[in-house]
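# Structural overview
Single-letter residue listing:
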Amino acid sequence: MQRIGVFVCHCGSNIAATVDVKRVVETVKKEQGVVHAEDYPYMCSEAGQALIAAAIKEKNLGGIVVCSCSPRMHEATFRKAAERAGLNPYMVEIANIREHCSWIHKDMEEATEKAVILARAAIAKVHLNSHLQPGESLVTKRALVIGGGIAGIQTALDIAEAGYEVDIVEKTPSIGGRMSQLDKTFPTLDCSACILTPKMVDAAAHEKINLYTYSEVESVSGFVGNFSVDIRKKARFVDMNKCTGCGLCQEKCPSKKAKSEFNRGLNTRSAIYTPFAQAIPNVPVIDTESCVKMKTGKCGLCEKVCQAGAIDYSQKDEIITEKYGAIVVATGFDTINLDQYGEYAYNESPDVITSLELERVMNAAGPTKGHLERLSDGKAPKEIVFIQCVGSRCDDHRGKPYCSKICCMYTAKHAMLIRDKYPDVNVTVFYIDVRTPGKNFDEFYRRAVEEYGVNYIKGQVGKVVPQPDGSLLVQGSDLLDGKQIKMRADMVVLATAIEPEAGVRKIATMLTASIDTNNFLTEAHPKLRPVESPTAGVFLSGVCQGPKDIPETVSQAGAAAVKVIGLLAKDKLLTNPCTAESDTLLCNGCSVCQNVCPYGAIGYEDKEVNDHGIRETRRVAVVNSALCQGCGACTVACPSGAMDLKGFSNRQILAEVDAICR
Amino acid sequence: MSKHDAEMIREISGVNPLKCMKCGKCSATCPAYDEMDIKPHQFVSYVLRGDIEALADSKSLWKCLSCFACIERCPRNVEPAKLIDAARQAVIRQRGNEADLSPDEIPALLDEKTPQQLLVSAFRRYRR
Ligand SMILES: Cc1cc2nc3c(=O)[nH]c(=O)nc-3n(C[C@H](O)[C@H](O)[C@H](O)COP(=O)(O)OP(=O)(O)OC[C@H]3O[C@@H](n4cnc5c(N)ncnc54)[C@H](O)[C@@H]3O)c2cc1C
Ligand code: SF4
Ligand code: SF4
Ligand code: SF4
Ligand code: SF4
């Protein structure tokens, strides 16, 4: 029998307004083993913790129950307080009488009764707690960043500057991400390449940064401080060490019909290619789908012209395994597919384009060399219509329920740039709301209206209909003037919703990192831990966590780096002692637990057992406590009741149930 | 027509007017817009305010083509045409012939004065 103390927190009025804390104290005093009970307005405060410490010492307590908020909030706080007072921290139990009780009940009578029951369950459990000791694990002082956009680049640079090794795995042939596709950037209108390229060069040149471009993460095992990652380096068919980046091969390649991914399919590229002129590394790859040599065996022109002898048609994908202490996800975004939005005629008319396509059209290295022209006939447009919120804020089956956040600003940018360079072009923007919070952001949008004469109309567009004369009929609402507008346009630009990059779900699954219904990665706490995933050792950087612009991406990238540095600076980590263990006498080696364990922590060994005097060798489950995360899946699955979780044993859980049902 | 009718119209139509974000896409889409006195996006706010009287007396009630373009395009799944459909139904009920109206009887009721759009909607409704 433990000597137990119970501490009931008011949480200001959060708990005390709904739960009669005094009555909880009086009632639990009658529970078996309870030798001390008291309440206090803020148990987590310094004074509250001092009360707990004093009671542990004075009453010689062997276990304590804190009736307060969720253990996710303050379990660690109270465990530390207990430890300082000389009590094993695993002798602390939390009864969650806030989230599970006061916040969800209105009636004081009911809530108080429930609080007592929750306390009783925790008391029953603490009687069976044992003095667990955490183990230790070493930290591999190297980080992996998945995705080489501005987010990944910035995170890697910051980690490397602190002196740690970083690898970037980027699936395309070059780092740079979406930002490399942009022409100019709001709110200052500086050229995107001019501010991005130096960072790309810094990353490539940094002695602590190693780039795996044209590579993908294949599998991940291990845990915080000790991840092991298989990386697939896709065959480039060009030797990275020999290629000088002269570009002759691309020039001579006869197969030039492949759609350029970088220019969003608006023009073509050769079969051997670098995505753009400033690509890093400046080493091309051969796209096997369009290479004549790969398809017919003939050609081989690039091999002939390459002075450096870098072409190697026999290259194969290579899988390498690396160890990391921390992993950062920075996989970014893409624009959504518009097939469902027939009303905008995107698939019908080449003159209806997305904003990302417009970035390429406006860019000097783009398909039109930076001339604003209609993609159907190359004519200069006189009338351009922008449509906001295409596929964003849609609570239907077609689009995304969220606001994409960046499009109000980039549309103002596009409108302004066009009016600046082509003052005779009329620009109309159909909007639902103009959302431009941020430093100098609203001023930027107002400039588009006041200085550049962009015509903003409040209302959505219902349909865009290509006309026989090649123009586009745009039918929209003007809600402020109470009109339905029918206007002719030469070009229509769709501010298309963004969504997380398609492969992110696979990455999240490999990392056991949580992801929301929109495929954005979930943070450990939306306010207080915004760059950490709930999975220890996994961090989030950039748009993979939620829509954001470049300034916000870069800030978050730096924040993620700080968290990684904090982790890598440690030599050892304490491991969670609440791991599973199998009873060799009960285990029948059925393998059920191994199949359910999400962390691959269970193996089997032949062990000699003495079962009631009968000695025999049996195949039994053995848990690798370094890998076990204490999820408990195996304990539920085990048909023989052999598997048990320390700190959450079957006995403890049944004791809680008994106490609740008493 | 009263507050009570607003409730009824919400119920018959299954529309939650609070979901509307006032984007105007329904009115941007509507082929009968020019002939309507109350525009599709306004149907929603009329119901929200409980001003069913005006809706019932409006020209729009009989000008809506029941093409359901607004239902198709509304980004918030509000389905404004269902409101006008329900208002039409409410008006018919008030005239007292609700019990008579069954799909089999509709052809017999065909007369020049029956607005065609009412029939389109009625067929849609009774076919469900
Ligand atoms: C049309 C348009 C205009 C914009 N204009 C501006 C502007 O003017 N100013 C501004 O501040 N912001 C602007 N933005 C926003 C800006 O593009 C983003 O904030 C920024 O690109 C986010 O960077 P990121 O690194 O998070 O994502 P990304 O740029 O998408 O980079 C992600 C990288 O990860 C790689 N990757 C993805 N999945 C994997 C995987 N499984 N394995 C390995 N690698 C992977 C991708 O190939 C990519 O290189 C604009 C956006 C759009 C669409
Ligand atoms: S940022 Fe503006 S255009 Fe983009 S979804 Fe939000 S409100 Fe619409
Ligand atoms: S509790 Fe069991 S299933 Fe969960 S990680 Fe540990 S060994 Fe695997
Ligand atoms: S259903 Fe009626 S209101 Fe809706 S678009 Fe068609 S005609 Fe207009
Ligand atoms: S389209 Fe839908 S959300 Fe937009 S105004 Fe009409 S009813 Fe409201």
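Residues numbered from 1 in each chain as written. Chains lettered and ligands numbered in written order. Predicted model: local features only at pLDDT ≥ 70, side-chain atom pairs only at ≥ 80, totals over all residues. Heavy atoms only, no water.

### Description of the overall build of chain B
The condition that has to hold: By the criteria applied, helices consist of DSSP H or I runs no shorter than four residues and strands consist of E runs no shorter than two, each listed in order from the N terminus. Burial here depends on accessible area, computed with a 1.4 Å probe over protein chains only, as a share of the maximum for the residue type. Under 20% is buried, over 50% is exposed, and the range in between is partly exposed. We call two residues in contact when some of their heavy atoms are within 4.5 Å. The Shrake-Rupley method, run with a 1.4 Å probe sphere, supplies the accessible areas, and residue values consider only the shown protein chains as cover.
When you go through chain B residue by residue, the secondary structure sums to 9 helices and 0 strands. Written out in order from the N terminus, the α and β elements of chain B read α-α-α-α-α-α-α-α-α. The buried share of chain B, taken over its 128 residues, is 51%. Excluding contacts between residues fewer than 6 apart, the proportion of contacts in chain B whose partners are at least 24 apart in sequence is 68%. On chain B, roughly 6600 Å² of surface is accessible, and the fraction owed to carbon and sulfur atoms is 49%.

### A word on the overall build of chain A
Keep this limit in mind: In this tally Asp and Glu are treated as negative and Lys and Arg as positive; neither His nor the chain ends contributes. Charge positions are represented by NZ for Lys, CZ for Arg, CG for Asp and CD for Glu.
Each helix and strand counted, chain A has 18 helices and 34 strands in total. Relative to its 662 residues, chain A shows a buried fraction of 53%. Nonlocal contacts in chain A, meaning residues at least 24 apart in sequence, comprise 68% of its contacts between residues at least 6 apart. Carbon and sulfur atoms make up 51% of the accessible area of chain A, which amounts to about 29400 Å² in all. Of the side-chain charges in chain A, 76 are positive and 79 negative, and the distance between the mean point of each set is 2 Å.

### Digging into the site of ligand 5
All names here are of chain B. Selection rule: It suffices for a single heavy atom of a residue to lie within 4 Å of a molecule or strand for the residue to be listed as near it. Here the nonpolar group is Ala, Val, Leu, Ile, Met, Phe, Trp, Tyr, Cys and Pro; Asp, Glu, Lys and Arg are the charged ones; every other residue, Gly included, is treated as polar.
Near ligand 5 you find 14 residues, and of these C20, C23, G24, C26 and C74 are the closest. Listed by contribution, the elements that provide at least two residues to the shell around ligand 5 are α2 (25-29) and α3 (40-49). Each residue belonging to the shell around ligand 5 can be placed in one class, and the counts come to 9 nonpolar, 2 polar and 3 charged.

### Examining the site of ligand 3
Close to ligand 3 lie 14 residues, the nearest being A:C597, A:C628, A:C631, A:G632 and A:C634. Taken together, the residues of the shell around ligand 3 break down into 11 nonpolar, 3 polar and no charged.

### Considerations on the pairing of strand β25 (residues 472-478) of chain A
Residues and elements named next belong to chain A. What counts, and what does not: Any two strands are treated as partners once DSSP identifies two or more bridges connecting them.
Burial within β25 is extensive, with 6 of its 7 residues counted as buried. Across 5 bridges, strand β24 (residues 461-466) lies against β25 in antiparallel orientation. In the strand pairing of β25, P466 is matched with L472. Between β24 and β25, which pair antiparallel and follow one another directly, the connecting turn spans 5 residues, one of which, G470, has a positive phi of 95 degrees. Bridge count between β25 and strand β26 (residues 483-489): 7 bridges; the pairing is antiparallel. In the sheet register, L473 faces β26, and the bridge partner there is R488.

### Observations regarding the state of the cysteines
Residue and element names in this part refer to chain A. Let me state the cut-off plainly: Throughout, a disulfide means two cysteine sulfur atoms within 2.5 Å of one another.
The final tally for this structure, using the stated rule, is 1 disulfide over all chains. Bridging C191 to C194, the disulfide has an S-S length of 2.2 Å. Residues C191 and C194 are joined through a disulfide that is right-handed, its torsion about the S-S bond being 95 degrees. For C191, a relative accessible area of 23% corresponds to the partly exposed category. Since its relative accessible area comes to 52%, C194 is described here as exposed.

### With respect to the interface of chain A and chain B
The condition is simple: Two parts lose some accessible area (1.4 Å probe) when they are put together, and adding that loss for both gives the buried area. We count a salt bridge whenever a side-chain nitrogen from Lys or Arg sits within 4 Å of a carboxyl oxygen from Asp or Glu.
Of the residues lining the interface, 23 residues belong to chain A; the matching set on chain B comes to 19 residues. When the two sides are added together, the surface that chain A and chain B hide from each other amounts to roughly 1600 Å², 44% of it contributed by carbon and sulfur. Summed over the three residues of chain A that lose the most area to chain B, namely A:D395, A:L479 and A:Q484, the buried surface amounts to 32% of that side. Linking chain A with chain B are 4 salt bridges. A salt bridge links B:R76 to A:D395, with the shortest nitrogen-to-oxygen separation between them at 3.9 Å. Mapped onto the side of chain A that touches chain B, the elements with two or more residues apiece are β24, β25 and β26 of chain A. Taken together, the residues of the side of chain A that touches chain B sort by class into 6 nonpolar, 8 polar and 9 charged.

### Some points on the sheet that holds strand β12 (residues 226-233) of chain A
Residue and element names in this part refer to chain A. This is how it is decided: As a rule, the C-alpha atoms of each element are fitted with a line to give its axis, helices using only the stretch in contact, and angles between N-to-C directions run from 0 to 180 degrees.
Within the open sheet, the 3 strands sit side by side as β11-β12-β17. Their pairing is antiparallel. Each edge of the sheet is formed by a strand with only one pairing partner; in this case those strands are β11 (215-223) and β17 (318-324). With direction set aside, neighbouring strand axes in the sheet form an average angle of 20 degrees. Inspection of the sheet shows β12 paired to β17 by 7 bridges, in the antiparallel sense.

### Focus: the packing of helix α5 (residues 108-126) of chain A against helix α18 (residues 650-661) of chain A
Residues and elements named next belong to chain A. To keep it simple, the criterion reads: Note: crossing handedness is left-handed where the near helix turns anticlockwise from the far helix by less than a right angle, and right-handed where it turns clockwise.
The geometry of α5 relative to α18 is characterised by a closest axis approach of 8 Å and an angle of 145 degrees between their N-to-C directions. In the crossing of α5 with α18, the sense of the turn from one axis to the other is right-handed. Contact residues: I117, R120, A121, A124 and K125 in α5; Q652, A655, E656, A659 and I660 in α18. A class-by-class count of the residues in the contact of α5 with α18 yields 6 nonpolar, 1 polar and 3 charged.

### With respect to the domain arrangement of chain A
By a frequent convention, interface size equals the accessible area lost on bringing the separate parts together. Residue and element names in this part refer to chain A. To be explicit about the condition: An automatic or database domain assignment provides the domain bounds reported here.
According to the domain assignment, chain A contains domain 1 (4-126), domain 2 (142-234 + 317-332 + 512-568), domain 3 (248-305), domain 4 (335-499) and domain 5 (580-645). Distance between the C-alpha centres of domain 3 and domain 4: 32 Å. Counting residues at the interface gives 5 residues for domain 3 and 9 residues for domain 4. Both sides together, the interface formed by domain 3 and domain 4 hides about 620 Å², and carbon and sulfur atoms give 64% of it.

### Topic: the nonpolar core
All names here are of chain A. Heads up, the rule is: To define a nonpolar core, start from buried Ala, Val, Leu, Ile, Met, Phe, Trp, Tyr and Cys residues and group those joined through side-chain atoms within 4.5 Å.
One finds V6, I64 and V65 to be the most contacted residues of the largest nonpolar core, which totals 41 residues. Mapped by element, the contributors of at least two residues to this core are β1 (4-9), α1 (21-28), β2 (34-40), α2 (46-58), β3 (63-68), α3 (71-84), β4 (92-96) and α5. With 7 residues, the top contributor of residues to this core is α5. Those residues in contact with V6 that lie beyond four places of it in its chain are V28, V34, H36, A37, E38, V65, C67 and I123. Core analysis: the second largest hydrophobic core is formed by 36 residues, A143, I150, A160 and M200 among them.

### Points about the pattern of salt bridges
Opposite charge on two side chains permits them to pair, given that their charged atoms come into close proximity. All names here are of chain A. Using the criterion set out here, one finds 50 salt bridges over all chains in the structure. The shortest N-O distance in the salt bridge between E218 and R232 comes to 3.0 Å. Separated by 14 residues along the polypeptide, E218 in strand β11 and R232 in strand β12 bring together distant segments of the chain. For E218, a relative accessible area of 32% puts it in the partly exposed group.

### What about the environment of A:R435?
Residue and element names in this part refer to chain A. Here R435 shows up in the loop between β22 (426-431) and α13 (441-450). Exposure remark for R435: the relative accessible area of 33% places this residue in the partly exposed category. In the structure, R435 is positioned 30 residues away from K405 in sequence and 7.5 Å away in space, judged by C-alpha atoms. Beyond its immediate sequence surroundings of up to four residues, R435 is in contact with R393, C403 and C408.

### Some words on the packing of aromatic side chains
Residues and elements named next belong to chain A. Keep this limit in mind: Ring geometry is summarised as follows: Phe, Tyr and Trp rings, the Trp one being its six-membered ring, pair when their centres sit within 6.5 Å, and such pairs are stacked at plane angles under 30 degrees, edge-to-face over 60 and tilted between the two. Put simply, a charge is over a ring when the Lys NZ or the Arg CZ is close to the ring centre, within 6 Å, and near the line of the ring normal, within 35 degrees.
Enumeration over the complete set of coordinates arrives at 6 aromatic pairs over all chains. With centroids separated by 6.1 Å and ring planes inclined at 20 degrees, the aromatic side chains of Y341 and Y344 adopt a geometry described as stacked. A single burial state applies to Y341 and to Y344, both of which are buried. Joined through ring pairs, the aromatic side chains of Y431, Y445 and Y456 make up one cluster. The cationic tip of K125 hangs over the ring face of F648; the distance from NZ or CZ to the ring centre is 3.9 Å. Against the face of Y273 rests R269, its NZ or CZ located 3.7 Å from the ring centre.

### Focus: the packing of helix α11 (residues 355-362) of chain A against helix α12 (residues 407-421) of chain A
Residue and element names in this part refer to chain A. Running from amino to carboxyl end, α11 crosses α12 at an angle of 30 degrees, the nearest separation of the two axes being 11 Å. In this structure, α11 meets α12 at a crossing whose hand is left-handed. In this structure, α11 uses S355, L358, E359 and M362 to contact α12, whose residues at the interface are Y410, K413, H414, L417 and I418. The class makeup of the residues in the contact of α11 with α12 is 5 nonpolar, 2 polar and 2 charged.

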